[in-house]
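A look at the structure
The lines below spell out each chain.
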Amino acid sequence: MDEEFWYEEDTGAMVRPYTVTRGRTRPSDRHAIDLMSRVTALEPGPDGPGVDHARAALLGHVRRGPRPVVELAADADLPLTVVRVLLGDLAEQGLIRIDAPRRLPVHDAADPELLREIVRRLREL
């Protein structure tokens, strides 16, 4: 008899995102987590209690170096809402730091040459 193996790529996620976050759709109000917020790992050692597989996997991505939330969501292949909840949990456990995104000064953001460069690079994609 042929054994057939199913992989997550074939079937989709084996665990639904709402189960990973225990039904929560938002992180606690203590953490403002913007798409471009920069996330940095604080503890290089072993994961603490309460760090399940999903949180440990996300923490592994963060430990590779400081990164924006949106990149972490893409790398983890999880919905942004789930990543925000998990990051909030990790921040409350003291395993990561979430910094507000750097804002450009207003006069730089309105530079016409910068805008032309952005459009040119988007067209290259």
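Further up the page is the structure itself.
Description of the structure in this document. (Residues numbered from 1 in each chain as written. Predicted model: local features only at pLDDT ≥ 70, side-chain atom pairs only at ≥ 80, totals over all residues. Heavy atoms only, no water.)

Nonpolar side chains collect at one region of the surface, where Leu-115, Ile-118, Leu-122 and Leu-125 lie side by side and expose about 450 Å² of accessible area between them. With a relative accessible area of 42%, Leu-115 lands in the partly exposed category. (Patch = residues over 30% accessible without salt bridge, like charges linked within 9 Å, V, L, I, M, F, W, Y side chains within 5 Å. Areas by Shrake-Rupley, 256 points an atom, 1.4 Å probe, with all protein chains shown as cover. Salt bridge = Lys/Arg side-chain N within 4 Å of Asp/Glu carboxyl O. Buried < 20%, exposed > 50% of the residue type's maximum accessible area, 1.4 Å probe, protein only.)

In this section: the pattern of salt bridges. This model, assessed by the stated rule, comprises eight salt bridges. Notably, a salt bridge pairs Arg-67 with Asp-75, separated by 1.7 Å at the nearest N-O pair. The class of Arg-67 is buried, set by a relative accessible area of 12%. Take Asp-75: its relative accessible area is 40%, and that puts it in the partly exposed class. One salt bridge connects Glu-124 with Arg-120, and the closest N-O pair in it is separated by 2.5 Å.

The next subject is helix α4 (residues 69–76). Considered for burial, the residues of α4 that qualify are Val-69, Leu-72 and Ala-73. Buried residues in α4, looked at end-on, bunch into an arc of 100 degrees, giving them a common side. Taken together, the buried residues of α4 touch β1 (38–41), α3 (53–62), β2 (67–68) and α5 (80–92). Following α4 by one or two positions, Asp-77 adopts a phi angle in the positive range, close to 55 degrees. (Helix = DSSP H or I, 4+ residues; strand = E, 2+ residues; numbered from the N terminus. Arc of directions from axis to C-beta. Contact = heavy atoms within 4.5 Å.)

Looking now at the side chain of His-61. As for its placement among the helices and strands, His-61 is situated in helix α3. Dropping the residues within four chain positions of it, His-61 is found in contact with Arg-67, Leu-72, Asp-75 and Ala-76.

Next up on the list: α3. When we look at burial in α3, the residues that qualify are Ala-54, Arg-55, Leu-58, Leu-59, His-61 and Val-62. On an axial view of α3, the arc spanned by its buried residues comes to 155 degrees, and they lie on one face.

This next bit is on the environment of Asp-99. Relative to the helices and strands, Asp-99 resides in strand β3 (residues 96–99). Taking the relative accessible area as the measure of exposure, Asp-99 reaches 28% and is therefore partly exposed. Considering only alpha carbons, one finds Asp-99 and Val-39, 60 residues apart in sequence, at a separation of 6.4 Å. Setting aside residues up to four positions removed in sequence, Asp-99 forms contacts with Ser-37, Arg-38 and Thr-40. A polar contact of 2.9 Å, which involves the side chain of Asp-99, links it to the side chain of Arg-97. (Polar contact = N/O pair within 3.5 Å; in protein donor to acceptor, adjacent residues only side chain to side chain.)

A few words on the sheet that holds β2. Spatially, β2-β1-β3 is the arrangement adopted by the three strands of the open sheet, whose pairing is antiparallel. Whereas interior strands pair on both sides, the edge strands pair on one side only; in this sheet they are β2 and β3. Pairing of β1 with β3, which is carried by four bridges, proceeds in the antiparallel orientation. Bridging across to β3, Thr-40 finds its partner in Arg-97. (Pairing = 2+ DSSP bridges.)

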